[in-house]
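Structural overview
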Amino acid sequence: VKAALYPKDLSGKKIMVSAGPTREAIDPVRYISNRSSGKMGYEIARAAEYRGAEVTLVSGPVSLASPLGVDRLSVTSVGEMAETIFSRLDDVDAVIKVAAVADYRPRTRAEHKIKKKSDDMTLELDKNIDILKELGKRKTRQVLVGFAAETQSLAENARKKIEAKNLDMIVGNLVGDPASGFGTDTNIVTFFHPDGRKEPFESMGKDVVAHELLNRVSGLLKERL
Ligand code: CTP
Ligand code: CA
């Protein structure tokens, strides 16, 4: 019923959203991960489907139900997420990368549970592939949107990322504020554009943020016709 209320401005468009955290195994019972409920990404997937898009949701482990009508592909590690996204890139018109990707992974994954021994221990980590940066290099017609959760210098960091990753837009999110935090239904965001424009918003529901973002994506897709 709710879907009937939205304009079908994304009909015929294929949109890939990646959401949630990734997990990098240390041993069979432990992993390195990031704080992420997946709510923001799931709201974008839901809203895009409401507006007529064919939506693929590449999701890390979250405790959310799959939005109706959305094709969800569940992944765990950065490697798996990267492979799933790259294999579908040619087929989509836009990629919205909300996932909180682990920047590093343990150098080795122990076959058995690591037993505690000495008073301190060191984990050796290797850097993971930057999926979004790679997408920025590989994109052809695709609209590419990233997210940047920062605890300081939001504008400066967001601008660096939009350029370094060749993005069409980045959603900056100053985390720490309770209304802009993790696991909540609201978010305080600023949209940054490659031409230097920025659009700051008040606290909004994540569903409203999703529709505001899709308004911009819809506009960019129309320009590319
Ligand atoms: N991202 C990605 N692959 C990574 C790291 C990040 O695709 N290995 C994507 C995220 O999904 C997000 C954007 O890049 O859309 C920004 O992520 P963020 O962690 O803020 O940026 P980083 O480039 O990792 O920089 P840093 O963590 O040092 O701030
Ligand atoms: Ca990061």
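Here the residue numbering is sequential within each chain, running from 1 through the sequence in written order. Numbering of ligands from 1 and lettering of chains from A proceed in the order in which they are written. Whole-chain, interface and lining totals are the exception, using all residues; otherwise, since this is a predicted model, local features are given only for residues with pLDDT of at least 70 and side-chain atom pairs are given and counted only at 80 or more.

Attention now moves to the overall build of the chain. Scanning the chain from N- to C-terminus turns up five helices and 14 strands. C-alpha extents for the chain along the principal axes are approximately 60 × 35 × 35 Å. Buried, partly exposed and exposed are defined by the number of other C-beta atoms within 10 Å of a residue's own C-beta, namely 20 or more, between the two limits, and 12 or fewer respectively, with C-beta atoms placed from the backbone. Burial status across the chain gives 37% buried among its 225 residues. In the chain, once contacts between residues fewer than 6 apart in sequence are set aside, the share between residues at least 24 apart is 63%. Under the scheme used here, helices are H or I runs from DSSP no shorter than 4 residues and strands are E runs no shorter than 2 residues, and both carry numbers assigned from the N terminus. Placing a C-beta atom from the backbone of each residue, one calls two residues in contact when those atoms lie within 7 Å.

Right, let's get into the UniProt feature "binding site: CTP" (unreviewed entry) in the chain. Here the UniProt-annotated "binding site: CTP" (unreviewed entry) positions come out as Asp 103, Lys 113, Phe 147, Lys 161 and Lys 165. The named residues occupy 63 residues along the chain; their greatest pairwise C-alpha distance, 37.4 Å, places them well apart from one another. Mapped onto the elements of the fold, Lys 113 is located in the loop between β7 (104-106) and β8 (125-127). With 10 C-beta atoms counted inside 10 Å, the residue Lys 113 sits in the exposed group. Along the chain, the position of Lys 161 falls in helix α4 (residues 154-164). Assessed through the 20 C-beta atoms surrounding it within 10 Å, Lys 161 is described here as buried. UniProt positions are given in the numbering used here, feature names are shortened, and annotations may be inferred rather than shown by experiment.

Throughout this description, a residue near a molecule or strand is one whose C-beta atom, derived from the backbone, lies within 6 Å of it. In the region of ligand 1, 13 residues are neighbours, and Lys 97, Val 101, Ile 131, Leu 132 and Gly 146 sit closest. Of all elements in the fold, only α3 (131-138) and β9 (143-150) reach the threshold of two or more residues within the shell around ligand 1. Along the lines of polarity and charge, the residues of the shell around ligand 1 split into seven nonpolar, two polar and four charged. Residues are sorted three ways: Asp, Glu, Lys and Arg are charged, Ala, Val, Leu, Ile, Met, Phe, Trp, Tyr, Cys and Pro are nonpolar, and all the rest, Gly among them, are polar.

Backbone-to-backbone hydrogen bonds pair the strands of a sheet. The strands run either parallel or antiparallel. For two strands to count as paired, DSSP must find a minimum of two bridges between them. The mixed open sheet is built from eight strands, whose spatial order is β5-β4-β1-β6-β9-β10-β12-β13. Edge positions in the sheet fall to β5 (71-74) and β13 (198-200), since each has one partner strand and no second. When strand polarity is set aside, the average angle formed by the axes of neighbouring strands in this sheet is 15°. Fitting a line to C-alpha atoms yields each axis, with helices limited to the stretch in contact; the angle taken between N-to-C directions then spans 0 to 180 degrees. Lying over the sheet, helix α5 (residues 206-223) contacts β6 (94-97), β9, β10 (169-174) and β12 (189-192), oriented at roughly 145° with respect to β9.

We now examine the nonpolar core. Membership of the largest hydrophobic core comes to 54 residues, with the highest contact counts inside it found for Ile 15, Val 17, Ile 44, Ala 48, Val 145 and Ile 170. The element that contributes the greatest number of residues to this core is helix α1 (residues 39-50), accounting for seven residues. Non-local contacts of Val 145, meaning those with residues more than four positions away in its chain, are made with Ile 96, Lys 97, Leu 167, Asp 168, Met 169, Val 171, Leu 213 and Val 217. Put simply, a nonpolar core is a cluster of buried Ala, Val, Leu, Ile, Met, Phe, Trp, Tyr and Cys residues tied together by C-beta atoms within 7 Å.

Positive phi values are uncommon outside glycine, yet Ser 153 reaches one of about 45°. Take Ser 153: it is sitting in the loop between β9 and α4. We note that Asn 166 has phi near 55°; this positive angle belongs to a residue other than glycine. By the element assignment, Asn 166 lies in the loop between α4 and β10.

The next point concerns the pairing of strand β3 (residues 30-33). With four bridges connecting them, strand β2 (residues 23-27) and β3 associate as antiparallel partners. Residue pairing for β3: Glu 24 is matched across the bridge by Ile 32. Linkage of β2 to β3, two consecutive antiparallel strands, is achieved through a turn of two residues.

A pair of packed helices can be characterised by two numbers: the angle between their axes and the separation between those axes. Between α1 and α5, the least distance of the axes is 8 Å, while the angle of their chain directions is 55°. Taken together, the axes of α1 and α5 lie oblique to each other. Judged by the sense of rotation from one axis to the other, the crossing of α1 with α5 is right-handed. Between α1 and α5, the residues in contact are Lys 39, Met 40, Glu 43, Ile 44, Ala 47 and Ala 48 and Lys 206, Asp 207, Val 209, Ala 210, His 211, Leu 213 and Leu 214, respectively. Under this scheme an angle from 65 to 115 degrees is roughly perpendicular, one under 35 degrees roughly parallel, and one over 145 degrees roughly antiparallel; angles in between are oblique. Crossing handedness follows the turn of the near helix against the far one: under a right angle anticlockwise gives a left-handed crossing, and clockwise gives a right-handed one.

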